[in-house]
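# Coordinates in review
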Amino acid sequence: LVACRINAVVSGHQGQESHVGHMSSRAPVSFVAPGKATGGVSLVAPWLPAAQKPLHVSNVAFLALVAAEDGIDVVKNRKWAAEQMNYLLGDNPHDGGCFSYEIGYGDKYPTHPHHRAASCPNPAVSQCSEANLHTACPSPHVLYGALVGGPIYNDGYNDSREDYVHNEVALDYNAGFQSALAGLNQLFAQDQFPMTNNQCPCTNDPYAPGAPAPTTPSLVCNAAPAGGAPIVGR
């Protein structure tokens, strides 16, 4: 991003335009209605395995918002970024729709993230071990605000703690996700939020009047399975 801005100073906006245009050309700029191929999320990295392609769409959404701030395709880039983020937050066909890939947002979201601390007993009634990775119950700790890896190119998604591709919580795409949300929040505060083609009728707002309370994982998950050595490290 810094290199693109340096290049923009030297030769106009060509660097940023090239990068954002390259990403946009490989995905629908307008939202694709739920039920169709990809459900609207962009496959921004064609060189990655199919199961990992959507992971970094949040980073490119952030880059698109920065490009818009620099005057590059302002309407197009803001709309594209908002629609990609809307997909991650619930405007998708998974589990009947309104499924958020951000944990704790709305009433349908991942409950089995690939995250060691989240899968440990709460309270610590038993030792946390590798065996906790293989339990089928929801994680005792809810990682509010964390984005999981997400679906594959055909909207397929597996909410399994053992599936690190779909369900890992990693910094490389959570950083872009939080940054893009901050950018969209600024646009909302400035009454410049873009018009989108979203299909999902729900708001997925956990603070809206009448919204269901977040589900608390069952305490049965706190009983660690037999066997397994204590977890060391992350």
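Going by the structure above, here's the rest.
Residues numbered from 1 in each chain as written. Predicted model: local features only at pLDDT ≥ 70, side-chain atom pairs only at ≥ 80, totals over all residues. Heavy atoms only, no water.

## Structural notes on the packing of helix α3 (residues 57–69) against helix α4 (residues 74–88)
- Where α3 meets α4, the closest approach of the two axes is 8 Å, and the angle between their N-to-C directions is 155°. The angle between α3 and α4 places the two elements in the roughly antiparallel class. Of the two elements, α3 crosses α4, and the hand of that crossing is left-handed. Along its contact with α3, which presents Val-57, Ser-58, Val-60, Ala-61, Ala-64, Leu-65, Ala-67, Ala-68 and Glu-69, the element α4 presents Val-74, Asn-77, Arg-78, Trp-80, Ala-81, Gln-84, Met-85 and Leu-88.
- Considered class by class, the residues forming the contact of α3 with α4 number twelve nonpolar, three polar and two charged. (Axes fitted to C-alpha atoms, helices over the stretch in contact; angles between N-to-C directions. Helix = DSSP H or I, 4+ residues; strand = E, 2+ residues; numbered from the N terminus. Parallel < 35°, antiparallel > 145°, perpendicular 65-115°, else oblique. Left-handed = near helix turned anticlockwise from the far one by under 90°. Contact = heavy atoms within 4.5 Å. Nonpolar A, V, L, I, M, F, W, Y, C, P; charged D, E, K, R; others polar.)

## Section: the pattern of salt bridges
- Applying the stated criterion to the full structure yields two salt bridges.
- In this structure, the salt-bridge partner of Lys-79 is Glu-83, at a minimum N-O distance of 3.0 Å. In this pair, Lys-79 and Glu-83 both sit in helix α4, four residues apart, roughly one turn of the helix. Like Lys-79, the residue Glu-83 is buried in the burial classification. (Salt bridge = Lys/Arg side-chain N within 4 Å of Asp/Glu carboxyl O. Buried < 20%, exposed > 50% of the residue type's maximum accessible area, 1.4 Å probe, protein only.)

## Considerations on the state of the cysteines
- Counting across every chain of the model gives one disulfide.
- Each sulfur of the disulfide joining Cys-120 and Cys-128 lies 1.9 Å from the other. Looking along the S-S bond of the Cys-120-Cys-128 disulfide, the torsion reads about -75°, which is the left-handed sense. (Disulfide = S-S within 2.5 Å.)

## Looking at the environment of Gly-183
- Mapped onto the elements, Gly-183 comes out in helix α7 (residues 171–189).
- In sequence terms Gly-183 and Ala-61 are 122 residues apart; their C-alpha atoms lie 9.6 Å from each other.

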